[in-house]
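An overview of the molecular structure
Take a look at the letters that make up each chain.
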Amino acid sequence: MGSSVEQNILVTGGAGFIGTHTVVQLLKEGFKVSIIDNLDNSVIEAVDRVRELVGPDLSKKLEFNLGDLRNKGDIEKLFSKQRFDAVIHFAGLKAVGESVGNPRRYFDNNLVGTINLYETMAKYNCKMMVFSSSATVYGQPEKIPCMEDFELKAMNPYGRTKLFLEEIARDIHGAEPEWRIVLLRYFNPVGAHESGRIGEDPKGIPNNLMPYIQQVAVGRLPELNVYGHDYPTEDGSAVRDYIHVMDLADGHIAALRKLFADPKIGCTAYNLGTGRGTSVLEMVAAFEKASGKKIPIKLCPRRSGDATAVYASTERAEKELGWKAKYGVDEMCRDQWNWANNNPWGYQRKL
Ligand code: NAD
Ligand code: WQD
């Protein structure tokens, strides 16, 4: 189903994991898309595969621009030649551990990049933004499920960039109420497009659970370290709210439609999660079932800074965006495995 008027969306970080999946859905929904990405954590092959997935006709509505948000000129170049109706802002660095060792890189990339983006948007009077926030802004929540009006805390420099950027968005809207900004707090994005052509392809040894399990399944890593087996949960391992990346992609379409339709949206945060918690050991079992592969595990001490259990309240997104996650853990593992099995070395063409 296409939108009646062709709206033009700038997608920063559109070559990345969540970006590529969202761009596929945007094109299918009839939007025109321009990506800006510096390919710091992605490869152009991912964009080529997006083109392949949507086919030659929709591909004509996709433009890729190599550029870095830290260079205002790179953003200006795009806005000076076309009008954007809204921006979906994914571009950012996201590795928690790296941010602890190199906070300046995170503040420079995530904060300076975003401020440059806001400045240029304001200059060209484009004042609608969907921003990639994160459940990390809840820190170690005292209560679950996490509700959007909980107190926010950051546990590390990466989390601080998300918290600051949320505050910056609220201040911008406070000063200039015509801005419409949706802050999407993703829980734990996993899975891949059902085609198995696009998916997550982290550089180096993965930090996150699912890419790690995936690399054990294809034989790139020998075993999974399970961080923590003495949590006060049913099986002792930590609980998270894993969400299929295609559900997340659809959440962005719902957020965009809300931005266009609701002049009173202001600056509003929404959780994007399933509302269900799954433990590390349950995730391992689900992946083994989906893949038919044994995932050897090693029980290890807790990882510092990790919370016991985090999952979303999905009420606000359901009520106000009309969005609800469709997929469960079995589908997440099925699609993650399909991507892994077809692309054991990610986007690299040669093994
Ligand atoms: P990703 O690394 O796959 O994608 C981010 C993209 O942004 C990459 O293609 C990278 O090259 C690009 N980029 C980074 N800095 C840039 C810059 N200065 N200029 C231009 N391009 C730049 O990450 P992702 O998983 O797709 O995450 C997208 C967004 O969602 C990020 O902001 C991330 O913090 C946020 N988020 C991700 C998760 C997760 O677990 N994946 C969870 C919550 C929030
Ligand atoms: C999940 C669970 C680990 C790896 C992170 C960021 C958060 C957000 C999402 C961006 C935890 C355990 C992990 C491994 C393990 N990203 N684990 N062995 O920590 O919930 O959230 O990604 O915004 O900001 O912090 O996700 O996938 O790293 O961990 O046992 O090799 O899996 O200890 O309990 P997390 P994760």
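Residues numbered from 1 in each chain as written. Chains lettered and ligands numbered in written order. Predicted model: local features only at pLDDT ≥ 70, side-chain atom pairs only at ≥ 80, totals over all residues. Heavy atoms only, no water.

Further remarks concern helix α5 (residues 103-123). Every α-helical turn comprises 3.6 residues, leaving residues that sit three or four positions apart pointing alike. For α5, which comprises 21 residues, the first-to-last C-alpha distance of 29 Å matches the rise-based estimate of 30 Å (1.5 Å per residue) to within 8%. Among the residues of α5, those classed as buried are Tyr-106, Asn-109, Asn-110, Leu-111, Gly-113, Thr-114, Asn-116, Leu-117, Tyr-118, Thr-120 and Met-121. A positive phi of about 55 degrees marks Asn-125, the residue just after α5. (Helix = DSSP H or I, 4+ residues; strand = E, 2+ residues; numbered from the N terminus. Expected span 1.5 Å × (residues − 1). Buried < 20%, exposed > 50% of the residue type's maximum accessible area, 1.4 Å probe, protein only.)

As a further point, take the confidence of the model for the protein. In the predicted model, the protein carries a mean pLDDT of 96, and the fraction of residues at 70 or more is 98%. Interface confidence for the predicted complex, given as ipTM, is 0.99, next to a pTM of 0.98. (pLDDT = per-residue confidence, 0-100.)

Let's shift gears to the site of ligand 2. Neighbouring residues of ligand 2: 19 residues in total, closest Ser-134, Tyr-158, Asn-225, Arg-240 and Asp-306. Contact distances for ligand 2 include 2.6 Å between an oxygen atom and a side-chain N or O atom of Arg-240. Within the complex, 88% of the 680 Å² of free accessible area of ligand 2 lies under protein. Per-element tally for the shell around ligand 2: the top contributor is strand β8 (residues 224-227), with 4 residues. Residues belonging to the shell around ligand 2 are distributed by class as follows: 10 nonpolar, 6 polar and 3 charged. (Near = heavy atom within 4 Å. Polar contact = N/O pair within 3.5 Å; in protein donor to acceptor, adjacent residues only side chain to side chain. Areas by Shrake-Rupley, 256 points an atom, 1.4 Å probe, with all protein chains shown as cover. Nonpolar A, V, L, I, M, F, W, Y, C, P; charged D, E, K, R; others polar.)

Where a protein is soluble and globular, its nonpolar side chains tend to be buried together. Judged by nonpolar contacts, the single largest core of 44 residues is most densely connected at Leu-184 and Leu-256. Per-element accounting of this core gives the leading share, 7 residues, to helix α8 (residues 245-261). In this structure Leu-256 touches Ile-9, Leu-26, Phe-31, Ala-86, Ile-88 and Val-130, once residues within four positions along its chain are discounted. Core analysis: the second largest hydrophobic core is formed by 23 residues, Ile-36, Val-87, Leu-117 and Cys-267 among them. (Core = buried A, V, L, I, M, F, W, Y, C linked by side-chain atoms within 4.5 Å. Contact = heavy atoms within 4.5 Å.)

A separate point is the site of ligand 1. Near ligand 1 there are 27 residues, and of these Asp-37, Asn-41, Ser-42, Lys-94 and Tyr-158 occur at the shortest range. In this structure, Asp-37 approaches ligand 1 through a side-chain N or O atom, which is 2.6 Å from an oxygen atom. Between Lys-162 and ligand 1, the recorded distance is 2.9 Å, taken from a side-chain N or O atom to an oxygen atom. Bound to the protein, ligand 1 loses 95% of the 830 Å² it would expose on its own. When contributions to the shell around ligand 1 are tallied by element, the ones reaching two or more residues are α1 (17-28), β5 (128-134) and α6 (157-175). Grouping the constituent residues of the shell around ligand 1 by class yields 11 nonpolar, 11 polar and 5 charged.

Moving on, we get to unusual backbone geometry. Looking along the chain, the bond that leaves Ile-144 and enters Pro-145 is cis, with omega of 0 degrees. Tracing the backbone shows Pro-145 in the loop between β5 and α6. Its identity as a non-glycine residue notwithstanding, Leu-39 has a phi of 60 degrees, on the positive side. A positive phi angle is found at Asn-125, which is not glycine, with a value near 55 degrees. Along the chain, the position of Asn-125 falls in the loop between α5 and β5. For Asn-125, a relative accessible area of 52% translates into the label exposed.

Look at helix α7 (residues 209-217) against helix α9 (residues 280-291): their axes get within 11 Å of each other, and the N-to-C directions meet at 40 degrees. In terms of orientation, α7 and α9 fall into the oblique class. The chirality of how α7 crosses α9 is right-handed. For the pair α7 and α9, contact is made by Leu-209, Met-210, Ile-213, Gln-214 and Ala-217 and by Val-280, Met-283, Val-284 and Phe-287, respectively. Class assignment for the residues of the contact of α7 with α9 results in 8 nonpolar, 1 polar and no charged. (Axes fitted to C-alpha atoms, helices over the stretch in contact; angles between N-to-C directions. Parallel < 35°, antiparallel > 145°, perpendicular 65-115°, else oblique. Left-handed = near helix turned anticlockwise from the far one by under 90°.)

Taken in spatial order, the 7 strands line up as β3-β2-β1-β4-β5-β6-β11 in an open sheet, and their pairing is parallel. In this open sheet, the two edge strands, each paired with only one partner strand, are β3 (62-66) and β11 (267-272). With strand direction ignored, the average angle separating the axes of adjacent strands in the sheet is 20 degrees. Bridge count for strand β6 (residues 180-186) against β11 is 6 bridges, and the pairing is parallel. (Pairing = 2+ DSSP bridges.)

As a packed pair, α1 and helix α2 (residues 44-59) sit with axes 10 Å apart at the nearest point and diverge in direction by 10 degrees. It follows that α1 is roughly parallel to α2 by the angle criterion. Facing α1, whose interface residues are Thr-20, Val-23, Val-24, Leu-27 and Lys-28, α2 presents Ala-46, Val-50, Leu-53, Val-54 and Leu-58. Along the lines of polarity and charge, the residues of the contact of α1 with α2 split into 8 nonpolar, 1 polar and 1 charged.

This part takes up the packing of aromatic side chains. Taken as a whole, this structure holds 8 aromatic pairs when the rule is applied. In this structure an aromatic cluster arises from ring pairing among Phe-79, Phe-84 and Tyr-124. The cationic tip of Arg-302 hangs over the ring face of Tyr-231; the distance from NZ or CZ to the ring centre is 4.1 Å. (Phe/Tyr/Trp six-rings, centres within 6.5 Å; stacked < 30°, edge-to-face > 60°. Lys NZ or Arg CZ within 6 Å of the ring centre and 35° of its normal.)

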